[in-house]
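What the coordinates show
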Amino acid sequence: MNSPVRRGTRIAHLGVAVRALPDVLPLYRDVLGLPEVPLDDADGSRIAGLAAGDSLVELLEPAAADSPIAKFVEKRGPGIHHICFYVDDLDGTLAKAKAAGVTLIDEVPRLGAEGKRIAFLHPKSTGGVLIELCEY
Ligand code: ZN
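Note that the structure is predicted; figures quoted are calculated from it, not measured.

1. Digging into the sheet that holds strand β2 (residues 36-37)
The strand order across the open sheet built from 8 strands is β2-β3-β4-β1-β5-β8-β7-β6, with neighbouring strands paired in mixed fashion. Of all strands in the sheet, those with a lone pairing partner are β2 and β6 (110-111), marking the two edges. As paired elements, strand β1 (residues 10-17) and strand β4 (residues 55-62) share 5 bridges and run parallel to each other. Residue pairing for β4: A17 is matched across the bridge by L60.

2. Here we look at the coordination of the zinc ion
Within the protein, H13 (NE2), H82 (NE2) and E132 (OE) serve as the donor atoms for the zinc ion, at 2.0 to 2.1 Å. If you list the donors of the zinc ion from N- to C-terminus, the spacing comes out as H-x68-H-x49-E. Here H13, found in strand β1, pairs with H82, found in strand β5 (residues 79-87); they are 69 residues apart in sequence, far enough to count as distant. Judged by its relative accessible area of 8%, H13 is buried. For H82, a relative accessible area of 5% translates into the label buried.

3. Topic: the pattern of salt bridges
Applying the stated criterion to the full structure yields 7 salt bridges. Via salt bridges that share partners, R29, D30 and E36 belong to a single interconnected network.

4. Focus: the environment of A12
Considering the arrangement of structural elements, one finds A12 in strand β1. Placed 122 residues apart in sequence, A12 and C134 show a C-alpha to C-alpha distance of 7.8 Å. Not counting chain neighbours up to four residues away, the residues in contact with A12 comprise S55, L56, C84, F85 and Y86.

5. Describing a nonpolar patch on the surface
On the surface, L27, V31 and L32 cluster together into a nonpolar patch covering about 300 Å² of accessible area. Residue position: L32 is located in the loop between α1 (21-31) and β2.

6. A few points about the pairing of strand β7 (residues 117-121)
Judged by how many residues are buried, β7 sits mostly within the fold: 4 of 5 residues are covered. As judged from the 2 bridges shared by β6 and β7, these two strands associate in the antiparallel manner. Bridge pairing in β7 links L111 to R117. The turn linking β6 back onto β7 is made up of 5 residues, and E114 within it adopts a positive phi angle of 70°.

What counts as what
Residues numbered from 1 in each chain as written. Predicted model: local features only at pLDDT ≥ 70, side-chain atom pairs only at ≥ 80, totals over all residues. Heavy atoms only, no water. Pairing = 2+ DSSP bridges. Helix = DSSP H or I, 4+ residues; strand = E, 2+ residues; numbered from the N terminus. Donors = N, O, S within 2.8 Å, 3.2 Å for Na, K, Ca; no water. Buried < 20%, exposed > 50% of the residue type's maximum accessible area, 1.4 Å probe, protein only. Salt bridge = Lys/Arg side-chain N within 4 Å of Asp/Glu carboxyl O. Contact = heavy atoms within 4.5 Å. Patch = residues over 30% accessible without salt bridge, like charges linked within 9 Å, V, L, I, M, F, W, Y side chains within 5 Å. Areas by Shrake-Rupley, 256 points an atom, 1.4 Å probe, with all protein chains shown as cover.

In C-alpha cells, the structure reads:
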C-alpha cells in the first residue's frame, strides 16, 4: 500500500568500500563524530553504519573473497562504491530509468538488508556511479 505522504528522493546511504574497518572507522566515528548505527552484514560484507544527519555512511569490508566488495577493492582499491537513494515508488522509478535507456542490474527489485526492496542501476549507464534505489 502506498503511503499518501510523498517523501521525495533523498540519499539513504553512501556505500564506501574499505580493506578493513579498523583502517577507517576511527576517522568517521572519532574524528568526524558520526554516531555508529548497528547494521546487519549483507552480500558478503561486514558493514559499519554511521549516521550523517538523515543519511548513513556504510563502510563495507569484504567478509568473503568472492564478494562484490572484495572484487571492487581488488580491482579499484578502496573508495566510494555506490550511492543509495530512497525513492517513493521503486517500480515506477525503475520503469522510468529503463525507458530512459538506463541499464538495470535488477530488473525486478530484490530484498536488501532490513527487508527493504532495492534495485541497482548499472554504472555504465549512469556516468560511472553505481546507484542503488531503495523503497521507503
Ligand atoms: Zn547500499
